[in-house]
Amino acid sequence: MKALCWHGKNDVRVDSVPDPKIQHPRDAIIKVTSTAICGSDLHLLDGFMPTMKSGDVLGHEFMGEVVEVGSSVKNLQVGDRVVVPFTISCGECFFCQKGLFSCCDVSNPNKEIAAKAMGQSPAGMFGYSHMMGGFAGGQAEYVRVPYADVGPLKVPAALKDEQVLFLSDIYPTGYMAAENCGIEQGDTVAVWGCGPVGLFAIKSAWMLGAGRVIAIDRVPERLRLAETQGKAETVNFSEVDVHDKLLRLTKGRGPDRCIDAVGTEAHTHGSIDAVMDTVKVATHLGTDRPHVLRQAIMACRKGGTVSIPGVYVGLLDKLPFGAAMNKGLTMKMGQTHVHRYLKPLLEKVETGEIDPSFVITHRVKLADAPKAYEMFRAKKDACIKVVMTP
């Protein structure tokens, strides 16, 4: 089959690789009908994520048709149309039973690698390094889905792929980011990053009772989408000091809830801390560029909440933890417990409360994936979200 494979920093190629096979009775094989490029895929392209190996198949946002099931999979049949969570969860361990699916204690076969870096291992993930299990991803014609009796969600025939594809990751991720804020009726929510996750966080903040949403970015088309689709006020960080602007907009108090939907590869407009971060990463003296997280902590009102769906890789320098402590902030973060949100968020699509396809700007064939990655990273041609078909 054809699949998009990682071969090193800035080097992804569509290769011929062996077709996946059932390896365990709880496996299923999915024929991919739609897959997407996620912002966190760029951390792999840019060489930020360790333990990648040449030939690894990328992609963690995908859906398709069931073509084979293991003997223990009773909830799926050949021909079923399903969307697959990007986290792989067993459904039976202590964490899965608590609904903390991205913390699954069983699904990562390389948990000892992750534990050395993190203390304990999170769940396995599709297409996201050997630290996270080394599972082949879904930017391919076919994919093996472990624990298929727990993960994949059957979707109604009446809904198009583009309406449900993002249940695999960015829609639940944005929703959980907003939920983690603990939004109270009428709160002001500030969202850093108007990429797909940020846009879903904006939409979700309104669903959960926000009275005001302020979106921060510098890319004109992203800011326009935040305004037109997200009904948010917008701040262009290349034109103003974000901290001062947020304080002015909130009469000196600061936003009640802050969401960092940017993560490790934050770009800024020449601030000293951002320049230092860039130099440290380039010289291997640091792993992340946490400018946005610093800014969110400093801007958030006293007693407020900072929610972090943005991906971070390692150790963060000069984090203003004293400010967080003395201001009494709550910080909540994590990979998304996708399984928890699949059915309730699907209902919102079915009732018309949201059409997740609003973020799609480009549709290409899998064969054009390398060019699409470059376009997405460089934000060429007003690119916000790319969907690919094998």
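None of the values given here were measured: they were computed from a predicted structure. (Residues numbered from 1 in each chain as written. Predicted model: local features only at pLDDT ≥ 70, side-chain atom pairs only at ≥ 80, totals over all residues. Heavy atoms only, no water.)

Peer 1: I tried to follow the overall build of the protein chain on my own but got confused; where do I start?
Peer 2: When helices and strands are counted, the protein chain shows 13 helices and 18 strands. At 20 Å, the protein chain has a C-alpha radius of gyration in line with the 21 Å of a compact globule built from 390 residues. With respect to the principal axes defined by its C-alpha atoms, the protein chain has extents near 60 × 50 × 45 Å. The burial tally for the protein chain puts 58% of its 390 residues in the buried class. Nonlocal contacts in the protein chain, meaning residues at least 24 apart in sequence, comprise 71% of its contacts between residues at least 6 apart. About 16100 Å² of surface is accessible on the protein chain, with carbon and sulfur atoms providing 53% of the total. Averaging the coordinates of the 44 positive side-chain charges in the protein chain and doing the same for the 43 negative ones gives two points 3 Å apart. (Helix = DSSP H or I, 4+ residues; strand = E, 2+ residues; numbered from the N terminus. Rg over C-alpha atoms; globule rule 2.2 N^0.38 Å. Buried < 20%, exposed > 50% of the residue type's maximum accessible area, 1.4 Å probe, protein only. Contact = heavy atoms within 4.5 Å. Areas by Shrake-Rupley, 256 points an atom, 1.4 Å probe, with all protein chains shown as cover. Lys, Arg positive; Asp, Glu negative; His and termini not counted. Charge placed at Lys NZ, Arg CZ, Asp CG, Glu CD.)

Peer 1: Any chance you could explain the packing of aromatic side chains here in plain terms?
Peer 2: One pair of aromatic rings is described through two measures. These are the centre distance and the angle between the planes. Summed over the entire model, instances satisfying the criterion amount to six aromatic pairs. Taking the centre distance of 5.0 Å and the plane angle of 85° together, the rings of Phe-94 and Phe-95 count as edge-to-face. Look at Phe-94 and you get exposed, because its relative accessible area is 54%. According to the relative accessible area criterion, Phe-95 is partly exposed, its value standing at 26%. Joined through ring pairs, the aromatic side chains of Phe-166, Tyr-171, Phe-200 and Phe-358 make up one cluster. A cation sits over an aromatic face here: Lys-203 above Phe-358, 4.9 Å from the ring centre. (Phe/Tyr/Trp six-rings, centres within 6.5 Å; stacked < 30°, edge-to-face > 60°. Lys NZ or Arg CZ within 6 Å of the ring centre and 35° of its normal.)

Peer 1: Help me understand helix H8 (residues 242-249), please; the structure alone is not making it clear to me.
Peer 2: The α-helix advances 3.6 residues per turn, and as a result positions three or four apart in sequence lie on the same side. Looking at where H8 begins, the residue whose side-chain oxygen comes 3.2 Å from the main-chain nitrogen of His-243 is Asp-241. Trailing H8 by a residue or two, Lys-251 shows a phi angle of about 55°, which is positive. (Polar contact = N/O pair within 3.5 Å; in protein donor to acceptor, adjacent residues only side chain to side chain.)

Peer 1: Mind showing me how you'd approach the pattern of salt bridges here?
Peer 2: Pairing between side chains of opposite charge can happen when their charged atoms approach one another. Enumeration over the complete set of coordinates arrives at 17 salt bridges. Where Asp-46 meets Arg-377, a salt bridge forms, and the shortest distance between an N and an O atom there is 2.6 Å. With a gap of 331 residues between them, Asp-46 in the loop between helix H1 (41-45) and strand E4 (56-57) and Arg-377 in helix H13 (residues 369-378) connect regions that are remote in the sequence. For Arg-377, a relative accessible area of 25% gives the class partly exposed. Close ionic contact of Arg-257 with Glu-184 constitutes a salt bridge, the shortest N to O distance being 3.8 Å. Residue Arg-257 is found in strand E14 (residues 257-260), and its partner Glu-184 is found in the loop between helix H5 (170-180) and strand E11 (188-192); the two are separated by 73 residues along the sequence. What makes Arg-257 buried here is its relative accessible area of 4%. In the salt-bridge network here, residues are joined through shared partners; they are Arg-26, Glu-92 and Asp-149. (Salt bridge = Lys/Arg side-chain N within 4 Å of Asp/Glu carboxyl O.)

Peer 1: Quick question: what am I supposed to make of the sheet that holds E4 here?
Peer 2: Whenever strands of a sheet pair, they do so through backbone hydrogen bonds, lying parallel or antiparallel. If you walk across this open sheet you meet the three strands as E2-E1-E4, and the pairing is antiparallel. With one partner strand each, in any of the chains shown, strand E2 (12-16) and E4 form the two edges of the open sheet. Bridging between strand E1 (residues 2-6) and E2 involves five bridges; their strand directions are antiparallel. Note on E2: the bridge partner recorded for Leu-4 is Val-14. (Pairing = 2+ DSSP bridges.)

Peer 1: Honestly, the sheet that holds strand E16 (residues 330-333) in this entry has me stumped. Any pointers?
Peer 2: The six strands lie next to each other as E13-E12-E11-E14-E15-E16, forming an open sheet whose pairing is parallel. Each of the sheet's edge strands pairs with one partner strand only, and the pair in question is strand E13 (233-236) and E16. Adjacent strand axes in the sheet meet at a mean angle of 20° when their direction is disregarded. Pairing of strand E15 (residues 305-308) with E16 involves four bridges; the strand directions are parallel. The residue bridging Ile-308 from the neighbouring strand is Met-333, located in E16. Helix H6 (residues 196-207) rests against E11, strand E12 (212-217) and E14 of the sheet, and its axis sits at about 170° to E12. (Axes fitted to C-alpha atoms, helices over the stretch in contact; angles between N-to-C directions.)

Peer 1: What should I look at first to understand the pairing of E13 in this one?
Peer 2: In summary, the side chains of a regular strand alternate between the two faces of the sheet. As paired elements, E12 and E13 share four bridges and run parallel to each other. Each bridged residue has a counterpart across the sheet, and for Ile-214 the counterpart in E13 is Glu-233. In this fold, the crossover linking E12 to E13 by way of helix H7 (residues 220-228) has right-handed handedness. (Right-handed = clockwise from strand over helix to strand, strands pointing away.)

Peer 1: Before we go on, may I ask you to explain the nonpolar core in this structure?
Peer 2: One recurring pattern in soluble globular proteins is that nonpolar side chains are buried together. Residues Phe-166, Leu-199 and Val-386 are the most contacted members of the largest nonpolar core, which totals 74 residues. Beyond its immediate chain neighbours, meaning those up to four positions away, Val-386 contacts Thr-35, Ala-36, Ile-37, His-362, Val-364, Ala-372, Met-375 and Phe-376. Judged by nonpolar contacts, the second largest core, of 22 residues, contains Ile-30, Cys-93, Cys-96 and Tyr-147. (Core = buried A, V, L, I, M, F, W, Y, C linked by side-chain atoms within 4.5 Å.)

Peer 1: Quick question: what am I supposed to make of the packing of H8 against helix H10 (residues 291-299) here?
Peer 2: The description of two packed helices rests on the angle between their axes and on the distance between the axes. In contact at an axis separation of 10 Å, H8 and H10 are set at 30° when each is read in the N-to-C sense. Our classification of the angle between H8 and H10 gives roughly parallel. Helix-helix and strand crossings are classified by hand; for H8 and H10 the assignment is right-handed. In this structure, H8 contributes Val-242, His-243, Leu-246 and Leu-247 to the contact, and H10 contributes Gln-295, Met-298 and Ala-299. When grouped by side-chain class, the residues that make up the contact of H8 with H10 number five nonpolar, two polar and no charged. (Parallel < 35°, antiparallel > 145°, perpendicular 65-115°, else oblique. Left-handed = near helix turned anticlockwise from the far one by under 90°. Nonpolar A, V, L, I, M, F, W, Y, C, P; charged D, E, K, R; others polar.)

Peer 1: Any chance you could explain the side chain of Thr-188 here in plain terms?
Peer 2: Topologically, Thr-188 is positioned in strand E11. On the basis of relative accessible area, Thr-188 is assigned to the buried category, the value being 10%. With sequence-adjacent residues up to four places away left out, Thr-188 is seen in contact with Arg-212, Ile-214, Thr-250, Pro-255, Asp-256 and Arg-257.

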